[in-house]
Amino acid sequence: MIRSLHCGQDLKTVTGGIGLALCERLLSHDAQVQLCLACRNGQRAEAARQALLVSHPQAHISLVQLDVGSMHSVFKAAQEVRQRYNRLDYLYLNAGIMPNPQVDHKAFYKGLFSGKAVHMFSTGEGLLTQKDEVTSDGLQQVFATNLFGHFILVRELEPLLCRPGNSSLIIWTSSSNARRSAFSLDDLQHKQGNESYSSSKYASDLLSLAFNRHYNSKGLYSSVICPGLVMTNLTYGILPSFFWTLIMPIMWLIRIFTNTFTLTPYNGAEALFWLFKQKPEALDPMAKYHSLTSGLGNNYTQPCKMDIDDIMAETLYEKLLDLEDAIRKKL
Ligand SMILES: NC(=O)C1=CN([C@@H]2O[C@H](COP(=O)(O)OP(=O)(O)OC[C@H]3O[C@@H](n4cnc5c(N)ncnc54)[C@H](OP(=O)(O)O)[C@@H]3O)[C@@H](O)[C@H]2O)C=CC1
Ligand SMILES: CC(C)CCC[C@@H](C)[C@H]1CC[C@H]2C3=C(CC[C@]12C)[C@@]1(C)CCC(=O)C[C@@H]1CC3
């Protein structure tokens, strides 16, 4: 029996985000798959469950309450999952936020004529800043939600993920916006800067590598994906949805030059779905798996080497273990 836990699967809009599209795709592929949706809002989680049951009435879908940005909630959710299940084959770490995003319009127009327009469109580099906040645990909110809550969750679910003779896979939804220069080992939480999103996603790339180094011998593997640019609540927070709808023909045009404009949650979930069909042992720990959509609308997954190294990954891992100790003492 395959069991799969997904963090951040709420149905917020009619279309839902990448997580919900993944659930649809998994159930269409294998109606027997058992899904456990870990969501912060009970009502929206139930709405997502009902939406999935409409197209897959026999599906096994359970819910667990989880606010991945709150460490108390992470410990409680992990305990609940441990009580309910004795194994997990896949853990999708998909929940992510980009609070108060600001677009640098000047940089955008400059970038258009710089000869680096394709790179700018595929990564958003230099275009976005965010304003972060502090959680009740005293952590930076983006760091806590996009990275640290997931780290604690994996550590707490270790007995279900590490089983002799069986391999399991954790899958991080990272981003093409992850950039080494936005991240500092001396400022893990990105207290000092205004690119907390990029920093947290780069940290998840590093952490995935560290997890592979520490857990492969126990049968646990970790992979990283990038969904491309997808129209979801996250992107509607950057520019209003009517604006994105208005410029849709321009985005289809840009897609001819950069296949990273996947645009729909279904397309964005391509790499998440592709990984589900792979043998964890065969995956490259240094690769980020990109969901891509061609100008003609065909989806495919392509690995791309990440700008990461073992020493940085190990240092990050050690620092997160120290922070875990401190949080455990506080709670
Ligand atoms: N859209 C895009 O272009 C890109 C997205 N990504 C990444 O894809 C992932 C999915 O985002 P996407 O579907 O686009 O955006 P959405 O905003 O639609 O989905 C994000 C999901 O994360 C959940 N979430 C956020 N904070 C928490 C929390 N504290 N606890 C539990 N769940 C939480 C949200 O739940 P709720 O409904 O309660 O808000 C929501 O279900 C994110 O990690 C994002 O960074 C990466 C590259 C590009
Ligand atoms: C004509 C339009 C396409 C103009 C839109 C300009 C920018 C707002 C966008 C260009 C590239 C986009 C991008 C993202 C957000 C919006 C853009 C900056 C992300 C950073 C969103 C979150 C991610 O994880 C990666 C995306 C990369 C590309």
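Below, the structure is looked at part by part. What you see is a predicted model; the values in this text were computed from it and never measured.

1. Considering the packing of aromatic side chains
In this structure the tally under the stated criterion is 13 aromatic pairs. Ring centres of Tyr90 and Phe276 lie 4.5 Å apart, and the angle between their planes is 40°; this geometry places the pair in the tilted category. In this pair, Tyr90 is assigned in strand β4 (residues 90–93) and Phe276 in helix α13 (residues 270–276), connecting sequence segments 186 residues apart. On the basis of relative accessible area, Tyr90 is assigned to the buried category, the value being 11%. For Phe276, a relative accessible area of 7% translates into the label buried. Taken together through their ring pairs, the aromatic side chains of Phe143, Phe148, Phe151, Trp172, Phe211, Tyr215 and Tyr317 make up a single cluster. If you follow Arg25 out to its NZ or CZ, it ends over the ring of Tyr266, 4.0 Å from the centre.

2. Points about the pattern of salt bridges
Opposite charge on two side chains makes pairing possible when the charged atoms of those side chains draw close. Considering all chains together, one arrives at 17 salt bridges under this definition. For Glu46, the salt bridge goes to Arg49, with nearest N and O atoms at 3.2 Å. On the criterion of helical spacing, the pair formed by Glu46 and Arg49 is a turn pair, its members being three residues apart in helix α2 (residues 42–55). Among the residues examined, Arg49 registers a relative accessible area of 23% and is labelled partly exposed. The closest approach of N and O atoms between Arg328 and Glu156, which form a salt bridge, is 2.7 Å. Taken together, the positions of Arg328 in helix α14 (residues 310–330) and Glu156 in helix α6 (residues 141–156) put the pair 172 residues apart, joining distant regions of the chain.

3. So, the site of ligand 1
By nearness alone, 30 residues border ligand 1, and Arg40, Asp67, Asn94, Tyr197 and Thr232 come closest of all. One of the side-chain nitrogen or oxygen atoms of Arg40 is found 2.6 Å away from an oxygen atom of ligand 1. A distance of 2.9 Å separates an oxygen atom of ligand 1 from a polar side-chain atom of Lys201. For ligand 1, whose accessible area on its own is 880 Å², the fraction buried by protein is 95%. When contributions to the shell around ligand 1 are tallied by element, the ones reaching two or more residues are α8 (196–215) and α9 (233–236).

Scoring rules and cut-offs
- Residues numbered from 1 in each chain as written.
- Chains lettered and ligands numbered in written order.
- Predicted model: local features only at pLDDT ≥ 70, side-chain atom pairs only at ≥ 80, totals over all residues.
- Heavy atoms only, no water.
- Phe/Tyr/Trp six-rings, centres within 6.5 Å; stacked < 30°, edge-to-face > 60°.
- Helix = DSSP H or I, 4+ residues; strand = E, 2+ residues; numbered from the N terminus.
- Buried < 20%, exposed > 50% of the residue type's maximum accessible area, 1.4 Å probe, protein only.
- Lys NZ or Arg CZ within 6 Å of the ring centre and 35° of its normal.
- Salt bridge = Lys/Arg side-chain N within 4 Å of Asp/Glu carboxyl O.
- Near = heavy atom within 4 Å.
- Polar contact = N/O pair within 3.5 Å; in protein donor to acceptor, adjacent residues only side chain to side chain.
- Areas by Shrake-Rupley, 256 points an atom, 1.4 Å probe, with all protein chains shown as cover.

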